Amino acid sequence: MKRISIIVLLAFTIIVGCKKKEDVKPITVSSEYVKEIVTYLASDALEGRNTGSQGIEEAANYIENKFKDYGVKPYFDTYRDDFKIDSLDAFNVVGFLEGTDPKLKDEVVIIGAHYDHIGRRAKPVEGDSIGNGANDNASGTSVVIAMAKNFAARKNNKRSVMFALFSGEEMGLRGSRHLAERLKNENLNLYTMVNFEMLGVPFPDRDYQVFATGYDLSNMAEVLNKYAGNKLVGKSDEAAKFNLFKRSDNYAFYQQFKMPAQTISSCDLTNFDFYHHVDDEADIMDYNHMASAINNLFPAMEGMINAPTQEIKMNDE
Ligand SMILES: [Zn+2]
């Protein structure tokens with residue numbers, strides 16, 4: 001009897017020990033999880049998520065419900081950060097997870113993506129007039145939602161993390177401009193901003209999985225790669241040529257705060273034929289690539305967010 005109870009105790013200790021170890025492993029997302037989000041946001045029912053439309057209202061509700069489910073709080077009084085584009089009512093969706101470290105929680109890292117798209121096209125292609133925006137940017141939105149899920153579940157982000165989904169991007173980066181100005185006026189203590197755009201398709205020909213726009217402006221890629229443990233983030237010459245750094249929602253944060261604020265993407269238009277096209281559809285996205293990119297990015301972001309000092313710095317100009 002005694003021997004049996006020792007064996008039972010031993011087995012119990014081993015099981016509990018293993019379980020504890022499992023808890024600190026990064027939570028991974030599946031391709032099915034990512035596919036479900038992108039398929040909903042890029043469905044015809046949402047009519048291309050044009051700013052001011054019923055479709056984008058539904059997209060915002062969907063994101064808010066995800067945040068609620070995960071325990072991500074609204075940053076403002078509600079999840080919505082309202083602004084106007086002429087007479088149009090527009091809103092970013094902004095969630096927040098307070099940091100766990102008594103000092104570092106005063107510093108904020110923003111993880112962002114635009115969730116709007118271009119709505120209906122004037123000229124239908126084979127009867128289809130909806131710009132679904134699966135790659136642009138249901139994909140980036142799904143990355144932010146997945147990050148929110150992971151950080152909320154692990155409850156170990158030492159710095160505070162803001163999850164910002166921008167509207168009005170396709171009308172001239174309006175949502176990010178509005179939020180960056182508002183946060184600057186409120187004296188937000190921003191460390192860095194990482195924006196996600198077009199991660200629905202992989203590169204067939206690169207030695208990195210994703211690239212950072214404005215690669216040479218800071219050491220962001222180097223820092224993220226240190227925590228990823230490999231060359232996850234690289235430099236796209238194509239992105240540099242088209243100055244994509246200034247063409248997405250990171251830019252307003254760089255302008256307002258003069259801090260590193262860059263966009264991470266796996267599409268520089270050399271590897272996608274349907275930019276702003278009715279065929280930018282959920283069923284042509286590569287969900288294994290997307291889940292893999294998110295699962296590689298997660299420890300990189302977590303390492304950066306939990307580092308004792310602010311490692312990402314602007315390079316000297
Ligand atoms: Zn975009």
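Treat the numbers as computed from the prediction; the structure is a model and nothing was measured.

About the thresholds
Residues numbered from 1 in each chain as written. Predicted model: local features only at pLDDT ≥ 70, side-chain atom pairs only at ≥ 80, totals over all residues. Helix = DSSP H or I, 4+ residues; strand = E, 2+ residues; numbered from the N terminus. Rg over C-alpha atoms; globule rule 2.2 N^0.38 Å. Contact = placed C-beta atoms within 7 Å. Core = buried A, V, L, I, M, F, W, Y, C linked by C-beta atoms within 7 Å. Buried ≥ 20, exposed ≤ 12 C-beta atoms within 10 Å, placed from the backbone. Axes fitted to C-alpha atoms, helices over the stretch in contact; angles between N-to-C directions. Parallel < 35°, antiparallel > 145°, perpendicular 65-115°, else oblique. Left-handed = near helix turned anticlockwise from the far one by under 90°. Nonpolar A, V, L, I, M, F, W, Y, C, P; charged D, E, K, R; others polar. Expected span 1.5 Å × (residues − 1). pLDDT = per-residue confidence, 0-100. Pairing = 2+ DSSP bridges.

S.K.: Let's hear about the overall build of the chain: which residues, and what values?
M.R.: Across its full length, the chain carries nine helices and 11 strands. Relative to a compact globule of 317 residues, whose C-alpha radius of gyration would be 20 Å, the chain shows 20 Å and is just as compact. Along the first, second and third principal axes, the C-alpha set of the chain runs to 80 × 45 × 45 Å. For the chain, contacts bridging at least 24 residues in sequence account for 79% of all contacts bridging at least 6.

S.K.: Before we move on, could you go through the nonpolar core and cite the residues and values that matter?
M.R.: Judged by nonpolar contacts, the single largest core of 89 residues is most densely connected at Val-144, Met-147 and Ile-294. By residue number, the principal contributor to this core is helix α9 (residues 287–306), which donates 11 residues.

S.K.: Give me the lowdown on the environment of Phe-274, citing residues and values where you can.
M.R.: Examined against the element boundaries, Phe-274 turns out to sit in the loop between β11 (261–265) and α9. With 16 C-beta atoms counted inside 10 Å, the residue Phe-274 sits in the partly exposed group. Between the C-alpha atoms of Phe-274 and Asp-136, which are 138 residues apart in sequence, the distance is 9.6 Å.

S.K.: Go over the packing of helix α3 (residues 54–70) against helix α4 (residues 134–154) with me, naming the residues and quoting the values.
M.R.: For any two helices packed against each other, one specifies the crossing angle of their axes together with the interaxial distance. The geometry of α3 relative to α4 is characterised by a closest axis approach of 9 Å and an angle of 15° between their N-to-C directions. On the basis of their axis angle, the class for α3 and α4 is roughly parallel. Here α3 and α4 pass one another in a crossing that is right-handed. Along its contact with α3, which presents Ile-63, Lys-66, Phe-67 and Tyr-70, the element α4 presents Ile-145, Ala-148, Lys-149 and Ala-152. Across the contact of α3 with α4, the residue classes break down as six nonpolar, no polar and two charged.

S.K.: I'd like to hear about helix α5 (residues 174–185), residue by residue, with values.
M.R.: An ideal rise of 1.5 Å per residue puts 16 Å on 12 residues; α5 measures up with 17 Å between its terminal C-alpha atoms. Turning to α5, the residues buried within the fold contact β2 (80–85), β3 (88–97), β4 (108–114), β7 (160–166) and α8 (250–257). Positive phi appears at Asn-187, one or two residues downstream of α5, with a value of about 60°.

S.K.: Can you explain the confidence of the model for the chain? Please cite residues and give values.
M.R.: In this model, the chain carries an average pLDDT of 93, and 91% of its residues clear a pLDDT of 70 or more. Between residues 18–22, whose pLDDT stays under 50, and residues either more than four places distant or in other chains, the model counts zero contacts.

S.K.: Hey, could you go over α4 for me, with residue numbers and the actual values?
M.R.: End to end, α4 covers 28 Å across 21 residues, agreeing with the expected 30 Å (1.5 Å per residue, within 8%). Most of α4 is tucked away: 19 of the 21 residues are buried.

S.K.: Explain the environment of Tyr-191 to me, using residue names and the numbers behind them.
M.R.: Position of Tyr-191 relative to the elements: it lies in strand β8 (residues 190–196). Sequence separation between Tyr-191 and Asp-116 is 75 residues; the distance between their C-alpha atoms is 26 Å. Residues within four places of Tyr-191 in sequence aside, it is in contact with Glu-107, Val-108, Val-109, Arg-159, Met-259 and Gln-310.

S.K.: So what about the pairing of β7? Which residues, and what values?
M.R.: Judged by how many residues are buried, β7 sits mostly within the fold: seven of seven residues are covered. The alternating pattern of β7 places Ser-160, Met-162, Ala-164 and Phe-166 on one face and Val-161, Phe-163 and Leu-165 on the opposite face, and all of these are buried. Here β3 runs beside β7; their pairing, made up of five bridges, is antiparallel. Bridging from a neighbouring strand, Val-94 pairs with Ala-164 of β7. Note: β4 against β7, seven bridges, orientation parallel. Of the residues in β7, the one forming a bridge with Ala-113 is Leu-165.

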